[in-house]
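So you can see what is in the structure, the chains are spelled out below.
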Amino acid sequence: GIPAEPLFRSWLTFSIYFSMTQFSIVIPVYNAEKSIRSCLDSILVQTFSDFEIVVINDGSKDSTLAILREYLKNTRKLRVYSFENSGVSITRQRGINLSNGEYIILVDSDDTINPNLLENLYSSIQRYNNPDIIRYQAKLLNDSDYKDHNRYNFFDDNKVVLSGLDALKEWSIPGKKYAVYWLFAFKRTVFSNVLFFPDLKCHEDIALIPLLVAASKSVVTLSYIGYNYTCNSQGSITNTKSKEAERSRAKDFVKAYKYATQNFARLFTVSPLDYEFFVSDFDRRLLDKYNSLSKDLQEELAELFGIE
C-alpha cells in the first residue's frame, strides 16, 4: 500500500521490481480532498492503457489519504507513497524517482487530463522516433477575463519537431509561458541532464524546465488540447494573497532566475549566442516580475532584482 519514508531510499529496488511502463503520471498532493477524485478519474479513463499513476502524498492533513486508499482498492494502476510535508519541489522529485515509465507526465492534483492524451502521445512517440519531450496544449479553467487564455499554448505546423534550443527560441514570446511541468511528457532520460532540483517553494519550474528543454535533442509539439489547468485554485501557493506570500514568491523567482542562467551556461549544447539569447529572455521575464509587484515591495526588493 503506502510505504513510509525509508522505502524512498530504495527506489531503485522498486524500479527493478515493477516492470517498465510506457507512461508514469506523477501527482504531488497536499490537502487535495476537493479535487483528487476528478484528477484520478480523468486519468483512469484514458484510451491508452499502458500507464501507472504515482501519487506522492506530502503530509496531507485532510481526507486526501483516505480517498487515495479507496482508489487503491479498485485499481492496480495506482501507487501511493506518503511522506512528512517537504514541499512541492522535493515531492515532485520523489515522484519521478519512484516512477517506472519510459515517459513521465506531471499532473497537479487540482487539474485533469483529457481522455485521449496518452493515445496521442504514444502515436507521436512512434511517429517521431522517441522524442525527448512532447508538448501539448492546455485549456485554462476559471481564468481571469482580462488574461490571455492561450498564454500557455504554442503550435506551428511548420515547427512540430525542433531541437531543444530551437524550441526555447520559438517559445520565448513576450506574454507567453512555457515553463510549467504540466505542459509536457518528458522522456525519463531527460532528467539525467540535471543534477538536482532547486529547493524552491514556487517557480522551480521556471528554474528547471528551460534547462530540460535546452538539453534535449528533439522536442515535438502537438496541437492536441490534453490538459485542463485550474487557475486561481484555492490554497495554491502561487495564488495565496498576502504581502508575505508575494515577497516569498518574488525572492524565489530571483533564485530561479539565477539557477537557470548559471546552469544554462554549463550545458554542453549551448553556444555563446544561445546563452546571450536565453539571458536576454530571462532578463525580460525578471523585469516583468518586478513590475508586477506592489510599489512597497518594488522599493524593498529593487536591489535583489538588480534595479537601480
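Residues numbered from 1 in each chain as written. Predicted model: local features only at pLDDT ≥ 70, side-chain atom pairs only at ≥ 80, totals over all residues. Heavy atoms only, no water.

**Things to note about the overall build of the protein**
Worth spelling out the cut-off: Numbering of helices and strands runs from the N terminus, with a helix taken as a DSSP run of H or I at least four residues long and a strand as a DSSP run of E at least two residues long. Summary of the burial criterion: residues with accessible area below 20% of their type's maximum are buried, those above 50% are exposed, and those between are partly exposed, where the area comes from a 1.4 Å probe applied to protein chains only. The contact definition used throughout considers only heavy atoms, calling two residues in contact when any of these lie within 4.5 Å. In this description, accessible areas are obtained by the Shrake-Rupley approach with a 1.4 Å probe, and a residue is regarded as covered only by the protein chains that are shown.
Of regular secondary structure, the protein possesses 10 helices and 9 strands. Per-residue burial over the protein gives 54% buried out of 308 residues. Pairs at least 24 apart in sequence give 80% of the contacts found in the protein among residues at least 6 apart. Split by element, the accessible area of the protein, about 15,000 Å² in all, is 51% carbon and sulfur.

**Side note on the packing of aromatic side chains**
To keep things clear, this is the line we draw: Any two rings among Phe, Tyr and Trp, with Trp reduced to its six-membered ring, count as a pair given centres within 6.5 Å; such a pair is stacked if its planes are under 30 degrees apart, edge-to-face if over 60, and tilted if neither. Any Lys NZ or Arg CZ found within 6 Å of a ring centre and within 35 degrees of that ring's normal is scored as a charge over the ring.
This structure, assessed with the given rule, holds 17 aromatic pairs. Arranged with centres 3.8 Å apart and planes meeting at 5°, the rings of Phe264 and Phe278 form a pair that is stacked. In this pair, Phe264 sits in helix α8 (residues 243-264) while Phe278 sits in helix α9 (residues 272-291), placing the two residues 14 residues apart along the sequence. An aromatic cluster of three or more residues is present, and its members are Trp171, Tyr178, Tyr181, Phe184, Phe186 and Phe191. Here Lys77 stacks its cationic end above the ring of Phe51, 4.5 Å away from the centre of that ring. Above the ring of Trp171, the side-chain terminus of Arg135 is found at 4.6 Å from the ring centroid.

**A short note on the pairing of strand β8 (residues 184-187)**
The condition that has to hold: Strands were regarded as paired on the criterion that DSSP finds at least two bridges between them.
Along β8, one buried face is formed by Phe184 and Phe186 and the opposite face, lined by Ala185 and Lys187, is buried too. The pairing of strand β4 (residues 101-106) with β8 spans 3 bridges and is antiparallel. Counted as the bridge partner of Tyr103 is Lys187 from β8. For strand β6 (residues 133-141) and β8, the ladder comprises 3 bridges, and the chain directions are antiparallel. Looking at β8, one finds that Arg135 is bridged to Phe184.

**Let's talk about the side chain of Asp252**
Rules: When charges are tallied, Lys and Arg are placed among the positive residues and Asp and Glu among the negative ones, while His and the ends of the chain are skipped. One side-chain nitrogen of Lys or Arg within 4 Å of one carboxyl oxygen of Asp or Glu is enough to make a salt bridge.
On the secondary structure map, Asp252 appears in helix α8. The buried charged residue Asp252 lacks any salt bridge partner; its closest oppositely charged side chain belongs to Lys255, at an N-O distance of 4.1 Å. Residues in contact with Asp252, not counting those within four places in the same chain, are Leu200, Lys201, Cys202 and His203.

**Focus: the packing of helix α2 (residues 36-44) against helix α3 (residues 64-74)**
As a reminder, the rule being used: With axes taken as lines fitted to C-alpha atoms, and helix axes fitted only over the stretch in contact, angles between N-to-C directions fall between 0 and 180 degrees. For classification, angles of less than 35 degrees are called roughly parallel, those exceeding 145 degrees roughly antiparallel, those between 65 and 115 degrees roughly perpendicular, and all remaining angles oblique. Crossings are sorted by hand: turned counterclockwise from the far helix by less than a right angle, the near helix makes the crossing left-handed, and turned clockwise it makes it right-handed. Charged residues are taken to be Asp, Glu, Lys and Arg, nonpolar residues to be Ala, Val, Leu, Ile, Met, Phe, Trp, Tyr, Cys and Pro, and polar residues to be all remaining types, Gly included.
Packing of α2 against α3 leaves a shortest axis separation of 10 Å and a crossing angle of 25°. Classified by the angle between their axes, α2 and α3 sit roughly parallel to one another. Note that α2 runs across α3; the crossing there is right-handed. Packed against α2, whose contacting residues are Ile36, Arg37, Leu40, Asp41 and Leu44, the element α3 presents Ile67, Leu68, Glu70 and Tyr71 at the interface. Taken together, the residues that form the contact of α2 with α3 break down as 6 nonpolar, no polar and 3 charged.

**Overview of empty space enclosed by the protein**
Defined as follows: Each cavity reported here is a set of points on a 1 Å grid over the protein atoms alone in which a 1.4 Å probe fits but cannot get out, each pocket an open set with protein on both sides within 12 Å along at least five of seven lines, and each lining residue one with an atom within 4 Å of a point. Grid points are joined across faces, edges and corners, and a volume is the space filled by probe spheres set on the points.
The full count for this structure, using the stated rule, is 2 cavities of 30 Å³ or more. Size it by volume and the largest cavity reaches roughly 40 Å³. Around the largest cavity, the lining residues are Arg135, Arg151, Tyr152, Asn153, Phe154, Trp171, Ile173, Lys176 and Lys177. Grouping the constituent residues of the lining of the largest cavity by class yields 4 nonpolar, 1 polar and 4 charged.

**What to know about the environment of Ser163**
The condition is simple: Side-chain atoms alone can form a polar contact between residues adjacent in sequence; in general such a contact is a pair of N or O atoms within 3.5 Å, and within protein one must be able to donate a hydrogen while the other accepts it.
For Ser163, the position within the fold is in the loop between β7 (161-162) and α6 (164-171). In this structure, Ser163 is in contact with Ser216, Lys217 and Val219, ignoring residues within four places of it in sequence. Only 3.2 Å separates the side chain of Ser163 from the backbone nitrogen of Asp166, close enough to count as a polar contact.

**As for the nonpolar core**
To keep things clear, this is the line we draw: As used in this record, nonpolar core signifies buried Ala, Val, Leu, Ile, Met, Phe, Trp, Tyr and Cys residues forming a set joined through side-chain atoms within 4.5 Å.
In this structure, Ile27 and Leu121 are the most contacted members of the largest nonpolar core, which totals 97 residues. Each residue touching Ile27, except ones within four places of it in the same chain, is listed here: Ile36, Cys39, Leu40, Ile43, Ile53, Val54, Val55, Ile56, Val107, Asp108 and Ser109.

**Brief notes about the environment of Ile105**
Relative to the assigned elements, Ile105 resides in strand β4. Considered as a pair, Ile105 and Val26 are 79 residues apart in the sequence and their alpha carbons are 6.1 Å apart. Look past the residues within four positions of Ile105 in its chain and what remains in contact with it is Phe23, Ser24, Ile25, Val26, Leu118, Leu121, Tyr136, Phe184 and Ala185.

**Topic: the confidence of the model for the protein**
Interpretation of the predicted coordinates at a detailed level should be avoided for regions scoring low in pLDDT. The line we're drawing: The quantity called pLDDT is the predictor's confidence in a given residue, expressed from 0 to 100.
The pLDDT averaged across the protein works out to 90; a share of 90% of its residues lies at or above 70. This model gives residues 1-17 a pLDDT under 50, and the stretch forms 26 contacts once residues within four places in sequence are excluded.

**A closer look at the pairing of strand β2 (residues 51-58)**
Note the cut-off: We call a crossover right-handed when, viewed with both strands directed away from the observer, the connection leading from the first strand over the helix to the second proceeds clockwise.
With respect to burial, β2 is a largely interior element, 8 of its 8 residues being buried. Going residue by residue along β2, you find Phe51, Ile53, Val55 and Asn57 tucked away on one face and Glu52, Val54, Ile56 and Asp58 tucked away on the opposite face as well. Summarising the sheet, strand β1 (residues 21-29) and β2 pair through 7 bridges and their orientation is parallel. Across the sheet, Pro28 pairs through a bridge with Ile56, a residue of β2. On the question of chirality, the crossover connecting β1 to the parallel β2 by way of α2 is right-handed. In this structure, β2 lies alongside strand β3 (residues 78-83), joined through 6 bridges in parallel fashion. Looking at β3, one finds that Val54 is bridged to Arg79. At this point the chain moves from β2, through α3, to the parallel β3, and the crossover so formed is right-handed.

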